[in-house]
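What the coordinates show
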Amino acid sequence: TITATNNSSTLTCLTTTASLAGTGGGAYLWTGPGIVSGSTTATPVVNLPGTYNLTVTAVNGCTTATTTAITQNTTAPTITATNNSSTLTCLTTTANLTGTGGGTYLWTGPGIVSGSTTATPVVNLPGIYNLTVTAANGCTTATTTAITQNTITPSVSTATSGVLNCTLTTVTAGATTTTSPVNYNWSGAGITAGGTTSTPTINVGGTYNYTVTNTTNGCATTGSVAVTQNTTAPSATAAGGTLTCANTSTTLVGGPTSGVSYSWSGIGLSGATNLANATATTTGNYTLITTSTTNGCTNTAVSTVTNNTITPTANAGATQTLVCGVSSVTLTGTGTPLGSTAN
């Protein structure tokens, strides 16, 4: 009487061999598809599924045969690997991966933050993430999912439309980019319009900061634009003069002599009023406005024209009479101001 049994009726990816066991005494002979060793012993080792036949021959030459069966389960799990966001951005800094298939999970990749042995790890770097799922039978299946990244910031060029001065009271600052779509945000003391556009209007010199944000990925570029201002007034000088009975006009002398334009005003001006020097014919105050030819800024100076037309007094002396015997007389004249003479 013989028996044929095995220590594991199912081969798996973990259990890759099985031991058969025969009883009955005599000489043993095992046959079957995957005998690794011991085919003439009571306990051969096998590595393939199938039916294994045992024939035992007693010392009297009589034989008895029986069988035992080995099955196999090496079915690998069916799995998937996906993610909730294939692109990391400046707004979306992490992504969740998702694996299916049952069994135990093992994720590998460049940026696993947490959950590498769960179905849903969290990652924060772009790259290929590998999932290996191991079933209860020890068989594994591997697959991948990819995470990409878009963290490109806008490339920005800047400019200003000019220099603020007494003529140009507003300028435009510019921050332009070929990236689209974007939004703009400016800050600074003198923004009068367009603070959320690429070209704000500015009326005060200083530093103006901008932020240009790519609205697709949330990535931003920051910088500043310097707006200069020149409102320095030019110098202005004006010298008057004195009118006399001999000099019925006088020259007003203005300065500086270069870098400005001139404008004289007053009630007694004669001739051109847009030169450095002007002619005045009456007493009074005369105003000179100088305007810088560089920045349009002005300054004012006042000159005064006085009058000296006081007439001197004159006295010809006593009346003299010519008579016979007196053929000439002497006339004596006096007058003011001191120093005047009469003949």
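Here goes a summary of the coordinates provided. (Residues numbered from 1 in each chain as written. Predicted model: local features only at pLDDT ≥ 70, side-chain atom pairs only at ≥ 80, totals over all residues. Heavy atoms only, no water.)

**Observations concerning the overall build of the chain**
Counting secondary structure elements, the chain contains zero helices and 35 strands. Relative to the compact-globule value of 20 Å for 343 residues, the chain shows a C-alpha radius of gyration of 58 Å, a clear excess of over 25%. Counting every position in the chain, which comprises 343 residues, the buried fraction comes to 25%. Taking contacts inside the chain between residues at least 6 apart in sequence as the whole, the part at least 24 apart equals 49%. Counting every atom, the chain has about 18600 Å² of accessible surface; 52% of that belongs to carbon and sulfur. (Helix = DSSP H or I, 4+ residues; strand = E, 2+ residues; numbered from the N terminus. Rg over C-alpha atoms; globule rule 2.2 N^0.38 Å. Buried < 20%, exposed > 50% of the residue type's maximum accessible area, 1.4 Å probe, protein only. Contact = heavy atoms within 4.5 Å. Areas by Shrake-Rupley, 256 points an atom, 1.4 Å probe, with all protein chains shown as cover.)

**Details of the packing of aromatic side chains**
Evaluation of the coordinates by the stated rule reveals one aromatic pair. Ring geometry for tryptophan 186 versus tyrosine 210: centroids 5.4 Å apart, planes at 55°, classification tilted. Within this pair, whereas tryptophan 186 is found in strand β20 (residues 182–187), its partner tyrosine 210 is found in strand β23 (residues 206–214), the two being separated by 24 residues in sequence. Under the relative-accessibility criterion, tyrosine 210 is labelled buried at 8%. (Phe/Tyr/Trp six-rings, centres within 6.5 Å; stacked < 30°, edge-to-face > 60°.)

**Thoughts on unusual backbone geometry**
Across the junction of serine 180 and proline 181, the peptide omega takes the value 0°, indicating a cis bond. If you trace the backbone, proline 181 turns up in the loop between β19 (171–177) and β20. Of the consecutive residues glycine 255 and proline 256, the connecting peptide bond is found in the cis state with omega at 5°. With respect to the secondary-structure elements, proline 256 resides in the loop between β28 (250–255) and β29 (260–265).

**Observations concerning the environment of glycine 25**
For glycine 25, the position within the fold is in the loop between β3 (18–23) and β4 (27–31). When the C-alpha atoms of glycine 25 and asparagine 217 are compared, they prove to be 80 Å apart, with 192 residues separating the residues in sequence.

**Focus on the state of the cysteines**
One pass over the structure, following the stated rule, counts three disulfides. Note on cysteine connectivity: cysteine 13 is disulfide-linked to cysteine 139, with sulfurs 1.8 Å apart. Across the S-S bond of cysteine 13 and cysteine 139 the torsion is about 85°, and the bridge reads as right-handed. With a gap of 126 residues between them, cysteine 13 in the loop between β2 (10–12) and β3 and cysteine 139 in the loop between β15 (127–134) and β16 (140–150) connect regions that are remote in the sequence. On the accessibility criterion, cysteine 139 (2% relative accessible area) is buried. The disulfide that involves cysteine 166 links it to cysteine 297, with 1.8 Å between the sulfurs. (Disulfide = S-S within 2.5 Å.)

**Examining the sheet that holds strand β5 (residues 35–37)**
What the four strands build is an open sheet, ordered β1-β3-β6-β5; its pairing is antiparallel. Strands at the two margins of the open sheet, each flanked by one partner only, are β1 (3–6) and β5. Pairing geometry for β1 and β3, over four bridges, is antiparallel. Bridge pairing in β3 links threonine 3 to threonine 23. (Pairing = 2+ DSSP bridges.)

**Looking at the pairing of strand β31 (residues 277–280)**
Along β31, the buried face is formed by Ala278 and Ala280; none of Asn277 and Thr279, which line the opposite face, is buried. Two elements, β28 and β31, share four bridges in a ladder whose sense is antiparallel. Bridging from a neighbouring strand, valine 253 pairs with asparagine 277 of β31. The pairing of strand β30 (residues 269–270) with β31 spans two bridges and is antiparallel. Paired with leucine 269 across the two strands is alanine 280, which belongs to β31. In textbook terms, the turn of a hairpin is the stretch between consecutive antiparallel strands, and for β30 and β31 this stretch comprises six residues, one of which, glycine 271, has a positive phi near 90°.

**Topic: the sheet that holds strand β33 (residues 298–308)**
Sheets are built from strands paired through backbone hydrogen bonds, the pairs being either parallel or antiparallel. Sheet architecture is open: four strands sit in the order β27-β33-β32-β29, paired in mixed fashion. Either end of the sheet is taken by a strand with one partner, and the two such strands are β27 (241–244) and β29. Averaged over all pairs of adjacent strands, the angle between their axes in this sheet comes to 25°, without regard to strand direction. In this sheet, β33 lies alongside β27 in parallel orientation, the contact comprising four bridges. From the neighbouring strand, threonine 242 faces β33, where its bridge partner is threonine 306. (Axes fitted to C-alpha atoms, helices over the stretch in contact; angles between N-to-C directions.)

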